[in-house]
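The chain contents come next:
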Amino acid sequence: MKNNIFEDLKQKVDSDKSHMSRRDALKFMGISPIAASVLATTTTSSVANASEDVQGKIVIVGGGAGGIMALSRLSSTIKNPDITIIAPNEVHLYQPGQVFVGAGEMKVEDLKIDNNNYIDQDKVTWVKDEVATFDADNNLVVTRAGKEIKYDVLVVASGIQYHYEQIKGLKEEDIGTNGITSVYLSDLEKGTAVGATATWDWFNELKEAAKTKKPKVIYTQPNTPIKCGGAPQKMLYLSADFLKQDGLSAEYSFVSSKKELFHLPEVDKALHEVQSGYDKITSMFKHHLNSIDVKAKKATFIHAYEKEVYDEDMEETEVVSFADKVVMDYDFIHIVPPMSPVDSVVKSKLINDAGWLDVDKNSLQHKRYKNVFGIGDVCGIPMGKTGGSARHHGPILVDNIISFMKKEEPKAIFDGYTVCPIKTQYGKIMMAEFNYDGPAPSFPLAIDQSRWVWWAFDLYMLKPMYQYLMLPGRM
Ligand SMILES: Cc1cc2nc3c(=O)[nH]c(=O)nc-3n(C[C@H](O)[C@H](O)[C@H](O)COP(=O)(O)OP(=O)(O)OC[C@H]3O[C@@H](n4cnc5c(N)ncnc54)[C@H](O)[C@@H]3O)c2cc1C
């Protein structure tokens, strides 16, 4: 790995078939205070030298964003590290780009990242398999092929799985047919993202349909935590803008299990203003997609709500929970499935009551099995199911693992940092950054405004930064 990050980026832009020419990229870096400031800080804060002389076998499960970042940081921090990574996939996907593929701004090929560039098999043992069983009481995992692997420290970085099957009447094969799409659908083991390409076709089919009538379009958001909580709305605004550019429109319904568009009041208010700029979006809350009739194009939601009811016998008012069925017709639907950790984690003793990895929200150390740590989406913490959060988990995780190996208490604290770049139209992003305490913008710009600079940053700079700075643990 070269030391000069600007040189890395220049070479990357030169050699890449992505949308930005080297001239444009340099121009952008020159005019962008954000890129300049991010790169300036990263050139001076490379990862620590391999100075930590700690003993023990570390096993990392998962070769996506979090697993690779953890591997890079641990290998470059510990002298003579003993690390095994269990990851079946040679390629992993830069998943934030799936939204850009869905909107026709990137190709799936642009998202593929070769894990061989980060897993140095002279220094690290790479088991190309999946963990089938976590046996935390005996400090071991068992792979699908039946291999038992012991550890002193375990890092769980196995991400999230989608549950399309929990929507009655829907099969994954329906996505890309009958007006149904889902930008999320991917196979992370194979490195394919069929949902993203299906979504770009869906954008075009929707536009075609809008030329003769106003189609009914539904966008859903489930009642579980999801990765990139902003993605359901990104697809709404981008597809609405895609039509608007040709003077077309539809009847858009954003139907969400949440109680608001966004949990930060300033962002929530700004998103309502974004919606009023489109003709015409209706938002419905506390509605969870329960089933779908693919052929008849009907979606059934459960509307869960509470209401005060007067009890005449008791002569008092009480709060009663209701769950009504709401059936909606549609021509097109974008579905975001319920999500959970992968089965092997869910079946293990490592989970909390909600079914996620039971780590402390500040130290990322398991609450009961102290030699187990988490990074990325699998963590059962209130925030942080984004790649940007996994980047912030990285240094915290490594510091606390080193402390554990030195038999000290963990000291490093994750503050809940989460970044949500909400694409409000082509060329504009509202960058919502927050932590456990509230808004946490990295730069002194209001977080409730859509800006071109964030779009350019996200579309052109983030993937090279992810590939050349984040994954090698250099930022
Ligand atoms: C459509 C979409 C848009 C997004 N937009 C953004 C965005 O704008 N900004 C942002 O910061 N983030 C965004 N994200 C989220 C971001 O991609 C994830 O938060 C990030 O990838 C999490 O990293 P991870 O390592 O936890 O999981 P992943 O990167 O998903 O990696 C998990 C890996 O573990 C592997 N695995 C699973 N089970 C096992 C097992 N049993 N054994 C071994 N390996 C296993 C999987 O195959 C996978 O390779 C988006 C995601 C999607 C899908």
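Everything in this summary refers to the structure shown in the same document. Nothing here was measured: the structure is a model prediction, and the numbers come from that model. (Residues numbered from 1 in each chain as written. Predicted model: local features only at pLDDT ≥ 70, side-chain atom pairs only at ≥ 80, totals over all residues. Heavy atoms only, no water.)

What about the overall build of the protein chain?
Worth spelling out the cut-off: Labels follow the DSSP assignment, with helices taken as runs of H or I lasting at least four residues and strands as runs of E lasting at least two, numbered in each case from the N terminus. The buried label applies to any residue whose accessible area, calculated with a 1.4 Å probe on protein chains only, is under 20% of its type's maximum; exposed applies above 50%, and partly exposed to all values in between. Two residues form a contact once any of their heavy atoms are found within 4.5 Å. Accessible areas in this description were obtained via Shrake-Rupley with a 1.4 Å probe; residue shielding takes into account the shown protein chains only.
Within the protein chain, the regular secondary structure consists of 11 helices and 24 strands. Across the 475 residues that make up the protein chain, the buried fraction comes to 55%. Taking contacts inside the protein chain between residues at least 6 apart in sequence as the whole, the part at least 24 apart equals 65%. For the protein chain, the exposed area adds up to about 20,600 Å²; of that, 49% sits on carbon and sulfur atoms.

What about helix H4 (residues 65–77)?
Because each turn of an α-helix spans 3.6 residues, side chains separated by three or four positions in sequence point in the same direction. Just so we agree on the cut-off: Multiplying one less than the number of residues by 1.5 Å gives the expected span of a helix.
Across its 13 residues, H4 extends 18 Å between first and last C-alpha, which sits within 8% of the 18 Å expected from 1.5 Å per residue. Most of H4 sits out of view: 10 of its 13 residues are buried. Among the residues of H4, those classed as buried are Gly 66, Gly 67, Ile 68, Met 69, Ala 70, Leu 71, Ser 72, Arg 73, Leu 74 and Thr 77. Looking at the packing, one finds that the buried side of H4 touches strand S1 (57–61), strand S2 (82–86), strand S3 (91–93), strand S9 (153–156), helix H10 (387–405) and helix H11 (452–470).

Comments concerning the packing of H4 against H10
As a reminder, the rule being used: What counts as an axis is a line fitted to C-alpha atoms, over the stretch in contact for a helix, and the angles between N-to-C directions run from 0 to 180 degrees. In a left-handed crossing the near helix is turned counterclockwise from the far helix by less than a right angle, and in a right-handed crossing that turn is clockwise.
Axis separation between H4 and H10 bottoms out at 9 Å; the angle between their running directions is 35°. Taken as a pair, H4 and H10 cross one another with a handedness that is right-handed. Residue-level inspection shows Gly 66, Met 69, Ala 70, Arg 73, Leu 74 and Thr 77 of H4 in contact with H10, the latter providing Gly 387, Ala 390, Arg 391, Gly 394, Pro 395, Leu 397, Val 398, Ile 401 and Ile 402.

Re the pattern of salt bridges
Note the following rule: Definition used for salt bridges: Asp or Glu carboxyl oxygen within 4 Å of a side-chain nitrogen of Lys or Arg.
Applying the stated criterion across every chain, the model contains 20 salt bridges. We note a salt bridge from Lys 211 to Glu 208, for which the minimum N-O separation is 3.0 Å. When its relative accessible area of 48% is taken as the criterion, Glu 208 is described as partly exposed. Put simply, Asp 331 and Lys 213 hold a salt bridge, and the shortest N to O gap is 3.2 Å. Placement of Asp 331 in the loop between strand S17 (316–329) and strand S18 (332–334) and of Lys 213 in the loop between helix H6 (194–210) and strand S12 (216–221) is noted, with a sequence separation of 118 residues between them. Residue Asp 331 is classed as buried on the basis of its relative accessible area, which comes to 18%. Taking relative accessible area as the criterion, Lys 213 reaches 45% and is therefore assigned partly exposed. Within the structure, one salt-bridge network assembled from shared partners comprises Asp 129, Glu 130, Arg 144 and Glu 189.

Side note on the state of the cysteines
Put simply, the test is: Disulfides are defined as cysteine sulfur pairs within 2.5 Å.
Scanning the entire structure with this criterion turns up zero disulfides. Free cysteine: Cys 420, not disulfide-bonded; nearest cysteine sulfur from Cys 228 at 5.0 Å. Among the residues examined, Cys 420 registers a relative accessible area of 4% and is labelled buried.

With respect to the packing of aromatic side chains
For the record, the criterion: Between 30 and 60 degrees the pair is tilted, below 30 it is stacked and above 60 it is edge-to-face, where a pair is any two Phe, Tyr or Trp rings, Trp via its six-membered ring, whose centres lie within 6.5 Å. The criterion for a charge sitting over a ring is simple: Lys NZ or Arg CZ within 6 Å of the ring centre, and within 35 degrees of the ring normal.
Counting across every chain of the model gives 19 aromatic pairs. For the ring pair Trp 202 and Phe 332, a centre distance of 6.0 Å and an interplane angle of 85° mean the geometry is edge-to-face. Taken as a pair, Trp 202 in helix H6 and Phe 332 in strand S18 lie far apart in primary sequence, 130 residues in all. Considered together, Trp 202 and Phe 332 belong to a single accessibility category, that of buried residues. Look at Tyr 305 and Phe 322: their rings are 5.3 Å apart centre to centre, the planes differ by 15°, and that puts the pair in the stacked class. Of the two residues, Tyr 305 is situated in strand S16 (residues 298–311) and Phe 322 in strand S17; the sequence distance between them amounts to 17 residues. Here the aromatic cluster, defined as three or more aromatic residues joined through ring pairs, consists of Phe 100, Trp 200, Trp 202, Phe 203, Tyr 219, Phe 242, Tyr 252, Phe 332, Tyr 426 and Trp 455. Over the ring of Trp 126 we find Lys 128; its NZ or CZ atom is 4.3 Å from the centre of that ring. A cation over an aromatic ring shows up here: Lys 207 above the ring of Phe 242, its NZ or CZ 3.8 Å from the ring centre.

Observations concerning helix H8 (residues 265–276)
For clarity, the threshold we go by: To be clear, the arc concerns the directions from the helix axis to the C-beta atoms.
Relative to the 16 Å expected for 12 residues at 1.5 Å per residue, H8 spans 17 Å between its end C-alpha atoms, a close match to the ideal helical length. Turning to H8, its buried residues are Val 267, Asp 268, Ala 270, Leu 271, Val 274 and Gln 275. Taken around the axis of H8, the buried residues stretch over an arc of 165°, which confines them to a single face. Set apart from the buried face of H8 by more than 90 degrees, the exposed residues are Pro 265, Lys 269 and Ser 276. Contact partners of the buried residues in H8: helix H7 (231–244), strand S14 (281–284), strand S21 (418–425) and strand S22 (428–435).

Examining the nonpolar core
The line we're drawing: By nonpolar core we mean a set of buried residues, namely Ala, Val, Leu, Ile, Met, Phe, Trp, Tyr and Cys, connected to one another through side-chain atoms within 4.5 Å. An automatic or database domain assignment supplies the residue ranges for each domain.
Core analysis: the largest hydrophobic core is formed by 146 residues, its most contacted members being Ile 58, Leu 154 and Tyr 184. For this core, the element with the most residues is H11, which contributes 11 residues. Both domain 1 (45–88 + 128–160 + 342–428) and domain 2 (165–339) contribute no fewer than three residues apiece to this core.

Description of the site of the ligand
Note the cut-off: Here a residue is considered near a molecule or strand provided that any single heavy atom belonging to it is located within 4 Å of it. What qualifies as a polar contact is a pair of N or O atoms within 3.5 Å, subject to a donor-acceptor requirement within protein and to the restriction that residues adjacent in sequence count only when both atoms come from side chains. Note on residue classes: Ala, Val, Leu, Ile, Met, Phe, Trp, Tyr, Cys and Pro are nonpolar, Asp, Glu, Lys and Arg are charged, and everything else, Gly too, is polar.
Near the ligand you find 34 residues, and of these Gly 66, Gln 95, Val 131, Asp 377 and Gly 388 are the closest. At a separation of 3.1 Å, an oxygen atom of the ligand approaches a polar backbone atom of Ala 65. Interatomic distance of 2.8 Å between a side-chain N/O atom of Asp 377 and an oxygen atom of the ligand. If the ligand stood free it would expose 1,000 Å²; the protein chains cover 96% of that surface. Where the shell around the ligand is concerned, the elements lending two or more residues are H4, helix H5 (97–102), H10 and S21. Looking at the shell around the ligand, its residues break down into 15 nonpolar, 14 polar and five charged.

Any functional reading would require information beyond the geometric quantities listed.
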